[in-house]
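# Chain and residue survey
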Amino acid sequence: MSVLTLTINDIQCTGREGQTILDIIKENKISLPVLCDLKGLTPVAACRLCLVEVKGIPKLVPACTTKIQEGMVVYTDSEKLRNYRRMIVELLFAEGNHICASCVVNGYCELQNLGYMVGMESVRFDYLWQLFQIDASHPRYVMDQSKCVKCTRCIRVCDEVEGAHVWDLKGRGINVRVISGLDEPWGQVKECTQCGKCVQVCPVGALFEKTATTSEMIKDRSFLERILEGREAKIWVR
């Protein structure tokens, strides 16, 4: 596999053919906000927070799905990008009912951390305050649609890692919802193995354990690293 050379923020970097811009950014420990991206899951460019500028391309491109090319010139930080990312975070807050003080992941929430990261002091957009029902039909976990950011991590980990495919998307635009089964209560979906992987990868308080209370739930995603290492080492044999 050939080695490619590119520059990111005027820093010369190298990577292998097939790697994405985000892969190289992580390898070189360059700061870049992400929300839908999670190592071990297929990148989908859903959150658009990792958009970067590439010289010669008139539009912003997602770093998580854009493959590197020889001589590519990438910029991850500019006034345009900072304004864009702050707008995205503000819109996520305005779309959902994100009341941090009463959330089970308050203090451990990735959206909350992104708010700090982009310097958000207030939300310039009107809150939608949409009416959602909480699904507490599962014996161990709860789904709160009002806090879902549609990152699809739950869908991907259930499909790609657990192989159960409990979750999916329904609707379009502002009406997009993450649904369980065939849009049925989570507790009635027979395919659910109750593994809890979807709960642990959820970046916000949309999926949480029934026993969790305010500011109490710290999510553990280390299982993905162990699974990846196991796959690479081929320790599982059928």
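You'll find the structure just up there.
Residues numbered from 1 in each chain as written. Predicted model: local features only at pLDDT ≥ 70, side-chain atom pairs only at ≥ 80, totals over all residues. Heavy atoms only, no water.

## Re the packing of aromatic side chains
Summed over all chains, the structure comprises 3 aromatic pairs. Consider the rings of Tyr 127 and Trp 129, whose centres lie 5.1 Å apart with planes at 20°: the pair is stacked. Judged by centre distance (4.7 Å) and plane angle (65°), the rings of Trp 167 and Trp 186 are edge-to-face. A residue pair is termed long-range when its members are at least 10 positions apart, and Trp 167 in strand E8 (residues 167-170) and Trp 186 in the loop between strand E9 (177-180) and helix H5 (197-201) qualify at 19 residues. For the residue pair Trp 167 and Trp 186, the accessibility class agrees, reading buried in each case. Feature note: the residues Tyr 141, Trp 167 and Trp 186 constitute an aromatic cluster, connected by ring pairs. (Phe/Tyr/Trp six-rings, centres within 6.5 Å; stacked < 30°, edge-to-face > 60°. Helix = DSSP H or I, 4+ residues; strand = E, 2+ residues; numbered from the N terminus. Buried < 20%, exposed > 50% of the residue type's maximum accessible area, 1.4 Å probe, protein only.)

## Quick word on the pairing of strand E1 (residues 3-8)
Residues Leu 4, Leu 6 and Ile 8 line the buried face of E1, whereas the alternating positions Val 3, Thr 5 and Thr 7 sit on a face that is not buried. Strand direction decides the pairing type here: E1 and strand E2 (residues 11-16), joined by 6 bridges, are antiparallel. Residue pairing in the sheet places Ile 8 in a bridge with Ile 11 of E2. The turn linking E1 back onto E2 is made up of 2 residues, and Asn 9 within it adopts a positive phi angle of 55°. Here E1 runs beside strand E5 (residues 73-75); their pairing, made up of 2 bridges, is parallel. (Pairing = 2+ DSSP bridges.)

## Looking at the sheet that holds strand E7 (residues 141-144)
The pairing of strands in a sheet happens through backbone hydrogen bonds and is either parallel or antiparallel. Spatially, the 3 strands line up as an open sheet ordered E6-E7-E10, and their pairing is antiparallel. In this open sheet, the two strands that pair with only one neighbour each are strand E6 (134-135) and strand E10 (207-209). Pairing of E7 with E10, which is carried by 3 bridges, proceeds in the antiparallel orientation. In the sheet register, Tyr 141 faces E10, and the bridge partner there is Glu 209.

## What about the pattern of salt bridges?
Throughout the structure, instances matching the rule amount to 11 salt bridges. Note that Asp 37 is salt-bridged to Lys 26, the shortest N-O span being 2.6 Å. Remark: Lys 26 occurs in helix H1 (residues 21-27) and Asp 37 occurs in the loop between H1 and strand E3 (51-54); sequence separation between them is 11 residues. You can call Asp 37 buried: its relative accessible area is 13%. The exposure class of Lys 26 is partly exposed, given its relative accessible area of 43%. (Salt bridge = Lys/Arg side-chain N within 4 Å of Asp/Glu carboxyl O.)

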